[in-house]
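Listed below are the residues making up each chain.
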Amino acid sequence: MTEPLPPDVTATLRALLAGSDPVSVALLAQVPHTRVVGRCGCGCATVDLEVDRTAVAPAQSHDNPAVEAGYTDPDSAGVMVCTEDGYLSLLEIYSVADEPISAWPDPRHIER
């Protein structure tokens with residue numbers, strides 16, 4: 001399974017990677033060259049990502065997850081961006097609620 005980034009995933013990545021630090025800038029530059037290559041089996045909106053490594057440079061060395069944030073709505077949810085070798089590899093949503101979050105919340109509700 002390989003598919004283009006859906007608009008809600010793109011918007012979430014752009015919101016999470018907004019900023020001027022070098023890692024965020026490099027990861028944001030990867031977004032146009034990124035595709036969804038898998039989805040979580042639990043029913044949540046988490047996606048596995050793959051970047052065309054011939055099209056864009058990796059981010060410099062950084063901690064993983066590269067970004068982690070919470071949502072103000074739903075307030076029980078969080079999101080993180082993980083990388084592998086400096087390239088986007090996972091956009092994960094998690095929740096302390098019983099039910100998985102099956103759709104990406106509005107990125108305007110991300111609280112960094």
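See the structure above.
Residues numbered from 1 in each chain as written. Predicted model: local features only at pLDDT ≥ 70, side-chain atom pairs only at ≥ 80, totals over all residues. Heavy atoms only, no water.

(A) Focus on the sheet that holds strand β7 (residues 110-111). Ordered in space as β1-β2-β3-β6-β5-β4-β7, the seven strands form an open sheet in which the pairing is antiparallel. Of all strands in the sheet, those with a lone pairing partner are β1 (3-4) and β7, marking the two edges. Relative to strand β5 (residues 77-84), strand β4 (residues 67-71) runs antiparallel, the two being bridged by four bridges. Among the inter-strand pairings, glutamate 68 is bridged to a residue of β5, identified as methionine 80. Sitting on the sheet, helix α2 (residues 22-30) is in contact with β2 (34-39), β3 (47-51), β5 and β6 (87-95), with an inclination near 95° to β6. (Pairing = 2+ DSSP bridges. Helix = DSSP H or I, 4+ residues; strand = E, 2+ residues; numbered from the N terminus. Contact = heavy atoms within 4.5 Å. Axes fitted to C-alpha atoms, helices over the stretch in contact; angles between N-to-C directions.)

(B) Molecular detail of α2. Three or more residues of α2 are buried, namely Val23, Ser24, Ala26, Leu27 and Gln30. Seen from one end, α2 has its buried residues packed into an arc of 165°, which puts them on one side. Contacts from the buried residues of α2 go to β2, β3, β5 and β6. (Buried < 20%, exposed > 50% of the residue type's maximum accessible area, 1.4 Å probe, protein only. Arc of directions from axis to C-beta.)

(C) Structural view of the environment of serine 24. Mapping serine 24 onto the fold places it in helix α2. C-alpha of serine 24 to C-alpha of glutamine 60: the two residues are 36 residues apart in sequence and 9.8 Å apart in space. The residues touching serine 24, leaving out its near neighbours within four places in the chain, are Leu17 and Gly19. A distance of 2.8 Å separates polar atoms of two side chains, one belonging to serine 24 and the other to aspartate 21. (Polar contact = N/O pair within 3.5 Å; in protein donor to acceptor, adjacent residues only side chain to side chain.)

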